[in-house]
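Topology and contacts: notes
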Amino acid sequence: MKFDTVIIGGGLSGLIAGISLAEAGRSVAIITAGQSSLHFNSGSFDLLGNCNGELVTSPIEAISSLPASHPYSRVGVERIQALLPAVQPLLGRAGIATTGGYTRNRYRLTPLGKIKPTWLSLEDIATFDNPTRLPWRRVAIVNLAGFLDFYPQFIYAGLTALGVACSVHSTTIPALDTLRKNPTEMRAANIARVLDAEAIGVLAGRLNSVSRDADVIVMPAVVGLNDDLNLRLLRRLVARPVYFVSTMPTSVPGVRTQISLDRYFMKLGGTYMLGDTVISGNFNGNRLESVTTRNHDSEPIEASNFIIATGSFIGHGLKATPDSIIEPTMGLDIDAPHDRSLWFKKNIDDNQPFMSFGVKTDNNLHPFKEGTLIENLYACGSLLGGCNPVKEECGAGVSILTALAAAHNIQSQFSTNRHD
């Protein structure tokens with residue numbers, strides 16, 4: 001098998017890169033083992049929420065002050081600014097409607113009742129323009145009886161601290177009775193599977209009943225797993241605006257985002273190799289010629305260009321051994337100290353060094369292998385080092401923008417070759 005580009009990793013970064021190239025008419029294959037970090041997504045995509053310990057209001061301005069090692073700095077501020085306007089329309093073409101913009105952060109309501117800066121959010125996620133003055137006066141916080149992965153009192157405490165009058169309610173519908181017999185089954189994704197159009201109608205009636213004195217309803221994100229049809233139906237049937245807060249994983253908005261991106265990529269003609277894993281790369285000098293996968297071990301998959309977006313430690317894109325940090329798929333060079341004592345700090349609240357580890361690349365996102373730059377391979381997303389995506393609240397932005405940068409670099413090669 002041969003493609004223009006092969007992408008290793010099917011999370012947010014891999015899918016955005018694949019879609020960008022497929023929209024340009026390229027033959028693209030994504031090789032992915034399965035579940036990605038999108039299954040933990042909050043329903044929002046952060047660009048840069050914290051810089052040097054300070055909350056960020058204007059992300060582009062803050063990006064310009066980041067160190068040279070940061071992925072944004074490697075891509076370049078001017079290029080970041082050029083790529084940003086393409087993101088929301090791309091998500092929209094995949095059927096993911098979002099609110100927000102890149103010139104100024106919005107703010108989202110977290111499951112702990114905190115207000116955090118963010119970039120883009122799904123339309124149904126609770127977000128605001130001002131972190132200290134919310135547009136609501138009275139909020140009905142509604143949970144489903146027996147659902148233990150949502151804590152209304154946290155939301156209550158957070159909103160009342162901002163001067164919002166809140167009431168807390170618990171409701172249920174007959175469709176959930178079977179799940180409720182076993183508490184381990186009352187999970188967000190399972191509830192979303194049960195809530196068909198008929199159940200949504202019943203739930204809408206219950207929400208209308210308990211929220212008569214409220215301006216809006218806030219509830220856990222348990223509607224719309226495979227698409228947003230039932231979610232839109234619920235919001236249409238309820239008399240007041242309904243906003244959702246993501247729960248403990250698995251995240252229903254995150255899974256819906258993954259499914260929407262998967263479907264759009266395949267609709268564009270992309271090849272999606274789900275349930276497969278790259279076990280080695282076949283190099284010739286400073287080029288990667290093909291990869292061997294677990295399911296195609298006798299038939300290497302060839303391409304002109306490759307993108308590796310396998311994630312950080314949680315996605316097994318990086319691995320810690322007793323004496324080193326490695327990139328296990330191809331043995332790419334890593335930016336990390338050899339001294340294990342420098343990998344972490346004993347205080348869990350400190351900025352943990354290992355969060356900033358990643359593969360070593362040049363400013364065009366080409367990684368190195370044994371000191372040699374691999375000219376037709378690009379590294380994207382959380383596999384890159386140089387930032388702490390949790391502390392800086394930039395994980396989704398790094399994934400999306402480095403993916404687009406790599407895709408544009410690849411596309412420019414095809415354009416140059418055509419002109420030549």
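In this report, we go over the structure that sits alongside the text. (Residues numbered from 1 in each chain as written. Predicted model: local features only at pLDDT ≥ 70, side-chain atom pairs only at ≥ 80, totals over all residues. Heavy atoms only, no water.)

What follows deals with the sheet that holds strand β3 (residues 44-45). Each strand in a sheet pairs with another by means of backbone hydrogen bonds, the pair being arranged parallel or else antiparallel. Strand order in this open sheet of three strands is β3-β9-β6, and the pairing throughout is antiparallel. Looking along the sheet, the strands with just one partner apiece sit at the ends: β3 and β6 (98-100). Relative to strand β9 (residues 120-122), β6 runs antiparallel, the two being bridged by three bridges. Paired with Thr99 across the bridge in β9 is Ser121. (Pairing = 2+ DSSP bridges. Helix = DSSP H or I, 4+ residues; strand = E, 2+ residues; numbered from the N terminus.)

Moving on: the side chain of Thr32. Position of Thr32 relative to the elements: it lies in strand β2 (residues 28-32). Given the relative accessible area of 4%, Thr32 is considered buried. Among the polar contacts listed, one links the side chain of Thr32 to the backbone nitrogen of Gly10, at a separation of 3.5 Å. From its side chain, Thr32 meets the backbone nitrogen of Gly34 in a polar contact 3.3 Å long. Apart from residues no more than four positions distant in its own chain, Thr32 is found in contact with Gly9, Gly10, Tyr272, Met273, Leu274, Gly275 and Asp276. (Buried < 20%, exposed > 50% of the residue type's maximum accessible area, 1.4 Å probe, protein only. Polar contact = N/O pair within 3.5 Å; in protein donor to acceptor, adjacent residues only side chain to side chain. Contact = heavy atoms within 4.5 Å.)

The next subject is the environment of Lys360. Structurally, the position occupied by Lys360 is in the loop between β22 (358-359) and β23 (368-369). Separated by 13 residues in sequence, Lys360 and Leu373 place their C-alpha atoms 9.5 Å apart. Aside from chain neighbours lying at most four places away, what touches Lys360 is Asp333, Ile334, Asp335, His366, Pro367 and Phe368.

Before going further, it helps to spend a moment on the layout of surface pockets. For the second largest pocket, the calculated volume is near 320 Å³. What lines the second largest pocket is a set of 18 residues, among which Gly95, Ile96, Asp228, Arg232 and Arg256 lie closest to the centre. For the lining of the second largest pocket, the secondary-structure elements that each account for two or more residues are α10 (229-237) and α11 (252-267). The biggest single contributor to the lining of the second largest pocket is α11, with five residues. Residue classes in the lining of the second largest pocket are distributed as six nonpolar, four polar and eight charged. (1 Å grid on protein atoms, 1.4 Å probe; cavity = no way out; pocket = protein on both sides within 12 Å on 5 of 7 lines; lining within 4 Å. Points joined across faces, edges and corners; volume = space filled by probe spheres on them. Nonpolar A, V, L, I, M, F, W, Y, C, P; charged D, E, K, R; others polar.)

Glancing now at unusual backbone geometry. In this model, Pro249 is joined to Thr250 through a cis peptide bond whose omega is 5°. By the element assignment, Thr250 lies in the loop between β14 (242-245) and α11. Look at Leu365: it is not a glycine, yet its phi comes out positive at around 70°. With respect to the secondary-structure elements, Leu365 resides in the loop between β22 and β23. Residue Leu365 is classed as buried on the basis of its relative accessible area of 1%. Despite not being glycine, Glu393 has its phi angle at roughly 50°, a positive value. Note that Glu393 resides in the loop between α12 (389-392) and α13 (395-419). Overall, the relative accessible area of 10% leaves Glu393 in the buried class.

This part takes up the nonpolar core. Of all hydrophobic cores here, the largest spans 132 residues; its most connected members are Leu195, Leu234, Leu261 and Val291. A per-element tally of this core places α13 first, with 11 residues. Residue contacts for Leu261: discarding those within four places in its chain leaves Leu12, Leu15, Ile16, Ile19, Leu38, Leu91, Ala94 and Ile96. (Core = buried A, V, L, I, M, F, W, Y, C linked by side-chain atoms within 4.5 Å.)

Moving on, we get to empty space enclosed by the protein. Enumeration according to the criterion identifies one cavity of 30 Å³ or more in this entry. Every residue lining the largest cavity is listed: Ser42, Ser44, Arg108, Leu109, Pro111, Ile125, Phe244, Val245 and Ser246. Taken together, the elements giving at least two residues each to the lining of the largest cavity come down to β7 (106-109) and β14. Class assignment for the residues of the lining of the largest cavity results in five nonpolar, three polar and one charged.

A few words on the pairing of β14. Pairing between strand β13 (residues 216-220) and β14: four bridges, direction parallel. By the bridge assignment for β14, Met219 is matched with Phe244. Chirality of the crossover, the property in question, places the unit of β13, α10 and β14 among those that are right-handed. (Right-handed = clockwise from strand over helix to strand, strands pointing away.)

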